[in-house]
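So you can see what is in the structure, the chains are spelled out below.
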There are 2 protein chains.
Amino acid sequence: MATIHPVLLCGGSGTRLWPLSRKSYPKQFAALLGEESLFQASAQRLSGSLFAAPTVVTADAFRFIAAEQLSNSGIRPEALLIEPEGRDTGAAILAATLHVAAQDPEALLLVAPSDHVIPEAQRFRDTVAAAIPTALAGQIVTFGIAPDRPETGYGYLELETALDAGTVAEPLPLAAFVEKPNAARAAAMVADGRHLWNGGLFLFRADVMIAAARVHAPSLLAAVEASLAGATRDLGFCRLDPAIWATAPAISIDYAIMEKADNLSVMPYTGRWSDLGDWAAVWRETEEDGTALSGATTAIDCEGVLLRSEAPGQRVVGIGLQDIVAVAMPDAVLVAHRDRAQDVKAVVASLKKDGARQAETFPRDHRPWGWFESLAMGDRFQVKRIVVHPGAALSLQSHHHRSEHWIVVQGTARVTVNEEVKLVTENQSVYIPLGAVHRMENPGKLPMVLIEVQTGAYLGEDDIVRYEDVYARQ
Amino acid sequence: MATIHPVLLCGGSGTRLWPLSRKSYPKQFAALLGEESLFQASAQRLSGSLFAAPTVVTADAFRFIAAEQLSNSGIRPEALLIEPEGRDTGAAILAATLHVAAQDPEALLLVAPSDHVIPEAQRFRDTVAAAIPTALAGQIVTFGIAPDRPETGYGYLELETALDAGTVAEPLPLAAFVEKPNAARAAAMVADGRHLWNGGLFLFRADVMIAAARVHAPSLLAAVEASLAGATRDLGFCRLDPAIWATAPAISIDYAIMEKADNLSVMPYTGRWSDLGDWAAVWRETEEDGTALSGATTAIDCEGVLLRSEAPGQRVVGIGLQDIVAVAMPDAVLVAHRDRAQDVKAVVASLKKDGARQAETFPRDHRPWGWFESLAMGDRFQVKRIVVHPGAALSLQSHHHRSEHWIVVQGTARVTVNEEVKLVTENQSVYIPLGAVHRMENPGKLPMVLIEVQTGAYLGEDDIVRYEDVYARQ
């Protein structure tokens, strides 16, 4: 049987699951259900004997999160493609297709979003396997989710005949794409058995997709080809040429190619599926007896409620609530009626306009070398917790406006201050005077945790002069 | 005109305003409405030309909070009496009465809870003044609040005749005490105009109250007298003798004396009053157009809602809520239907049973010398922010299980480590090795802020050996 090359799209950043999902750390990387992130679960779902290593398409800001999460899941990607900016799914999918085609022009690709939930992984893989012959024969197979409610937020795929009950053996002909419907039309479509949700999942041969693009989206294809030709390799990432990439039309793969191609088939998927598009969807996926609890929560006389505590040590108590969603983080708390879950996006946009930091930024800031968080901010001082991965190093740097005290509380650091290099271990401290050229590394095998106390008149992240950086940052 | 000695009762610790009010920092000390705490507002209300300095009765755990808040309000108390344990209002009021009587047996006292809201301070003072002649003549005057709703949570005072409209010129005879009624009885009482809420406010001559106690509560009086005779003076506090105090019956002043005395009068108060007994009451006192917002909050399409963010940097967003109360702190978030506000108390009791730290303890821990809070807790380390008042000093101490790094980020510290004493100022650090005898003082005129990083196998507050303590703690 042919091997499938999975393509995981994880460059998007929605805000409908704010405060858990933010621009700086969007929902695909959050552990929304259980221990794994949605991205990790998606990568696991598309692994095993049927699949080659995945090609991951992500944004510059998420490249280290994606790499770290794959590594934690024990998955080595075939490639990590970096989109210099988001240009919708058309450009992203073509970039991955061209990248895989360079090694095997007839390779079979499965494109999948990385922020959806498909709990029955084997059932999904069986459905994919059943579509392989059709894809090998030159069809673009799009997967259609059997709807369980008249959802107005999705596009639909129309079949020529109603689905039979039971498992579908092979892809079916597509009659038409249907745009997001109104409520009445959605209800009619769910009733007639001929309509499936467009799940954004595609199986195709690389050469078939490229040929379709050459006919239906030639300028998009040309821009992506040129951008890939000009790509730079950087620490295992493949960074597409930003100047050319910026000229690619921002258009979805559906609009660019699928709705115009004549070789489309639909493979129905009748298992459970959710795009976790808002907190109401998370509630649907996680509720038991009507209540969905996560973290340190207490629910008294609550019905239809989602309560989540997303921080260790933060307890959420609900009393006498009906159809309410409450999500608490140390810096932001959302309380909304479940029917208004879709409005979260608009509220976050308005918070952003008001300059509220919480609109886009997470308390924990992920960097290539690990992460940090601000523990306290005062007049002329800030306290941070800094965690450095084994073998990782921060840039060689200096500051114009602050001095720093470092106290190692776990592991061992190798610290450079001007000419001096020394090992600093648990319960030892170092002082970095204002202006000193310094670097922090973790030479050990365990994470290194350090408390940094900054003092100075200006403590912004942008007061940094970088002299050397293994991650090629400026 | 006679001078009134105010007695402020602030030893209680309710949990119905959890998470803002907790056993370790109850509601009277919280800034529930505006900048001042309820205790500070109460002390201010009972100051001015009519009043002597207040006598404050509080619990051991709150003595430094009470003293600090009075000092911040520029009020020097006549005395700070410490109840070794809570024995209800009977013992507390008699202790204050005996204490004032020792200097002036016929002194006029006004006893007031310190966690109520009486926004029209001058109007209240005028009402008190109008009751003075009656109190001087030997009556115990209890203040009755004109009810604006059929509240079932309060006791009522029954008058012989219905109140006339307008201001009442002098106290009226009391017909009877009425226990907390059911809803129908409450509605009838509010309608007949002859019933007032029992507000727990009393004006009386010390000798009159003592004489009443001698008749109606002789064993209570004897225990309080002996406890006061055995009191110890300690840093400006008067600490009642704990062993004798423990023998005093725990009984309210109403049950012990008021309901038995024959010299009672009622002074009606027709201004606004609230005991802020639960979050629904806080909503009533603070709502504008139905919505009560405090701190960094955003309310979209909310009706009848209270949203409070009690931590700097924590934003609370409400969407599409009706009659919901949401109060957020870094370690605890309450979301409740407003009609269920009374149930908060029971929930906190159940949290306590489950061992949840948030049930009773506040993130910020107040001490005689200032306060501290834990910023981060890890495996074998803890980071604290410590704030020391000008002129204050921590005890001379050592630890068996931890070393400490101190970094001064504001002000100047005088630090003792074994034999050495030195000044440490902003951006300087000190290391306290395990076992070293050490002390931290603030010799300056401004608050001193210090970041402490502890490392060790055990970091509990009880790993402390105290050698000297200006606050007489063991």
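Residues numbered from 1 in each chain as written. Chains lettered and ligands numbered in written order. Predicted model: local features only at pLDDT ≥ 70, side-chain atom pairs only at ≥ 80, totals over all residues. Heavy atoms only, no water.

Chain A goes by mannose-1-phosphate guanylyltransferase in an unreviewed UniProt entry, where it is assigned to Rubellimicrobium roseum. In its Catalytic activity (unreviewed entry) section, the UniProt entry covering chain A states "alpha-D-mannose 1-phosphate + GTP + H(+) = GDP-alpha-D-mannose + diphosphate". UniProt lists a comment for chain A under the heading Sequence similarities (unreviewed entry), and it reads "Belongs to the mannose-6-phosphate isomerase type 2 family." (UniProt positions renumbered as here; feature names shortened; annotations may be inferred.)

J.: Can you help me understand the relation of the copies chain B and chain A in this one?
T.: Copy one and copy two of the chain differ by a rotation about a common axis and a shift along it. With an RMSD of 0.1 Å, the operation that places chain B on chain A is a rotation of 180 degrees combined with a shift of 0.0 Å along the axis. This pairing of chains is accounted for by a two-fold axis. Minimal C-alpha separation from the rotation axis in chain B is found for Pro330(B), amounting to 2.6 Å. Comparing contact sets, 100% of the residues at the interface of chain B also lie at the interface in chain A, consistent with an isologous, same-surface contact. (Least-squares fit on C-alpha atoms with pLDDT ≥ 70 in both. Contact = heavy atoms within 4.5 Å.)

J.: Help me understand the nonpolar core, please; the structure alone is not making it clear to me.
T.: Nonpolar side chains in soluble globular proteins generally cluster together in the buried interior. Formed by 94 residues in total, the largest nonpolar core has its most connected members in Ile4(B), Leu110(B), Phe143(B), Leu203(B) and Trp279(B). The contacts of Leu110(B), once residues within four sequence positions are left out, are Ile4(B), His5(B), Pro6(B), Val7(B), Leu46(B), Phe51(B), Phe124(B), Val128(B), Phe143(B), Phe202(B) and Leu203(B). In terms of nonpolar packing, the next biggest core, distinct from the first, is built from 93 residues, Val117(A), Val282(A), Ala292(A) and Ala341(A) among them. (Core = buried A, V, L, I, M, F, W, Y, C linked by side-chain atoms within 4.5 Å. Buried < 20%, exposed > 50% of the residue type's maximum accessible area, 1.4 Å probe, protein only.)

J.: It is not clear to me how the packing of aromatic side chains should be interpreted in this structure. Could you clarify?
T.: A complete count under the given rule lists 22 aromatic pairs over all chains for this structure. Considering the side-chain rings of Trp369(B) and Phe372(B), the 6.4 Å spacing of their centres and the 20 degrees angle between planes classify their relative orientation as stacked. Ring-pair connections join several aromatic residues into one group, and the members of that group are Tyr25(A), Phe29(A), Phe39(A), Phe62(A) and Phe362(A). Above the ring of Phe237(A), the side-chain terminus of Arg63(A) is found at 5.9 Å from the ring centroid. Here Lys384(B) stacks its cationic end above the ring of Phe372(B), 4.2 Å away from the centre of that ring. (Phe/Tyr/Trp six-rings, centres within 6.5 Å; stacked < 30°, edge-to-face > 60°. Lys NZ or Arg CZ within 6 Å of the ring centre and 35° of its normal.)

J.: Is there a simple way to think about the interface of chain B and chain A in this case?
T.: How big an interface is tends to be stated in terms of accessible area lost as the parts join. Tallying the contact residues gives 54 residues for chain B and 54 residues for chain A. Where chain B abuts chain A, roughly 4,300 Å² becomes buried across the two surfaces, and 61% of that area is made up of carbon and sulfur atoms. In this structure, the salt-bridge partner of Asp301(A) is Arg340(B), at a minimum N-O distance of 2.5 Å. For the pair chain B and chain A, the number of links is 31 residue pairs in polar contact (both at pLDDT 80 or more). At 6 residues, the largest contribution of residues to the side of chain B that touches chain A is made by strand β17 (residues 332–337) of chain B. For the side of chain B that touches chain A, the class distribution of residues is 31 nonpolar, 14 polar and 9 charged. (Buried area = accessible area lost by both parts, 1.4 Å probe. Salt bridge = Lys/Arg side-chain N within 4 Å of Asp/Glu carboxyl O. Polar contact = N/O pair within 3.5 Å; in protein donor to acceptor, adjacent residues only side chain to side chain. Helix = DSSP H or I, 4+ residues; strand = E, 2+ residues; numbered from the N terminus. Nonpolar A, V, L, I, M, F, W, Y, C, P; charged D, E, K, R; others polar.)

J.: Quick question: what am I supposed to make of the sheet that holds strand β25 (residues 428–432) of chain A here?
T.: Strand pairs in the sheet, formed through backbone hydrogen bonds, run parallel or antiparallel to each other. Residues and elements named next belong to chain A. Reading across the sheet, the 6 strands line up as β18-β19-β20-β27-β22-β25 and stay open at both edges, with antiparallel pairing between neighbours. The open sheet terminates on both sides in strands that have one partner only, identified here as β18 (364–367) and β25. In this sheet, neighbouring strand axes are inclined to one another by 20 degrees on average, regardless of whether the strands run parallel or antiparallel. (Pairing = 2+ DSSP bridges. Axes fitted to C-alpha atoms, helices over the stretch in contact; angles between N-to-C directions.)

J.: Before we go on, may I ask you to explain the sheet that holds strand β12 (residues 292–294) of chain A in this structure?
T.: Taken in spatial order, the 6 strands line up as β12(A)-β14(A)-β16(A)-β17(A)-β15(B)-β13(B) in an open sheet, and their pairing is mixed. Each edge of the open sheet carries a strand with a single partner, namely β12 of chain A together with β13 (297–300) of chain B. Ignoring which end each strand starts from, the neighbouring axes of this sheet average 5 degrees apart. Sheet analysis places strand β16 (residues 324–329) of chain A next to strand β17 (residues 332–337) of chain A, joined by 6 bridges and oriented antiparallel. Paired with Ala328(A) across the bridge in β17(A) is Val333(A). Across the sheet, helix α10 (residues 279–286) of chain A touches β12, β14 (306–309), β16 and β17 of chain A, and the angle it forms with β14(A) is around 95 degrees.

J.: How should the packing of helix α1 (residues 38–45) of chain B against helix α2 (residues 63–72) of chain B be read in this particular structure?
T.: To characterise two packed helices, one gives the angle between the axes of the helices and the distance between these axes. Residues and elements named next belong to chain B. Where α1 contacts α2, the axes come no closer than 10 Å and their chain directions differ by 55 degrees. Classified by the angle between their axes, α1 and α2 sit oblique to one another. Considering how the two elements wind past one another, α1 and α2 form a crossing that is right-handed. Counting all contacts with α1, which are made through Phe39, Gln40 and Ala43, the residues of α2 involved are Ala66, Gln69, Leu70 and Asn72. In terms of residue class, the contact of α1 with α2 is built from 4 nonpolar, 3 polar and no charged. (Parallel < 35°, antiparallel > 145°, perpendicular 65-115°, else oblique. Left-handed = near helix turned anticlockwise from the far one by under 90°.)

J.: Would you explain the domain arrangement of chain A in this entry?
T.: Residues and elements named next belong to chain A. What the domain assignment reports for chain A is domain 1 (4–269), domain 2 (279–353) and domain 3 (364–468). The C-alpha centroid of domain 3 is placed 40 Å from the C-alpha centroid of domain 1. Taken residue by residue, the interface counts 4 residues in domain 1 and 4 residues in domain 3. When domain 1 packs against domain 3, close to 390 Å² is buried across both sides, 65% of that on carbon and sulfur atoms. When the area that domain 1 buries against domain 3 is broken down by residue, the three leading residues are Tyr25, Phe64 and Glu68, summing to 86%. Taken together, the links from domain 1 to domain 3 amount to 0 salt bridges. Along the contact surface separating domain 1 from domain 3 lie 1 residue pair in polar contact (both at pLDDT 80 or more). The residue inventory of the side of domain 1 that touches domain 3, partitioned by class, reads 3 nonpolar, no polar and 1 charged. (Domains from an automatic or database assignment.)

J.: Which parts of the structure should I look at to understand the UniProt feature "domain: Mannose-6-phosphate isomerase type II C-terminal" (unreviewed entry) in chain A?
T.: Those residues carrying the UniProt feature "domain: Mannose-6-phosphate isomerase type II C-terminal" (unreviewed entry) are residues 358–469 of chain A in this numbering. With 0% helix and 60% strand, residues 358–469 of chain A has end C-alpha atoms that lie 29 Å from one another.

J.: What is the right way to read the environment of Ser114(B) from this model?
T.: Residues and elements named next belong to chain B. For serine 114, the position within the fold is in the loop between β4 (108–113) and α4 (121–136). For serine 114, a relative accessible area of 1% gives the class buried. Once residues within four sequence positions are removed from consideration, serine 114 is found in contact with Leu8, Leu9, Cys10, Gln28, Leu38, Phe39 and Ser42. Among the polar contacts listed, one links the side chain of serine 114 to the backbone oxygen of leucine 9, at a separation of 2.8 Å.

J.: Looking at this structure, how should I read unusual backbone geometry?
T.: For residues besides glycine, phi is generally negative; the peptide bonds are generally trans as well. Cis peptide bonds are those with omega within 30 degrees of zero, and the linkage from Trp18(A) to Pro19(A) qualifies with 5 degrees. Residue placement: Pro19(A) occurs in the loop between β1 (4–9) and α1 (38–45). Located in the positive-phi region is Asp289(B), a residue other than glycine, with phi close to 50 degrees. Along the chain, Asp289(B) turns up in the loop between α10 (279–286) and β12 (292–294).

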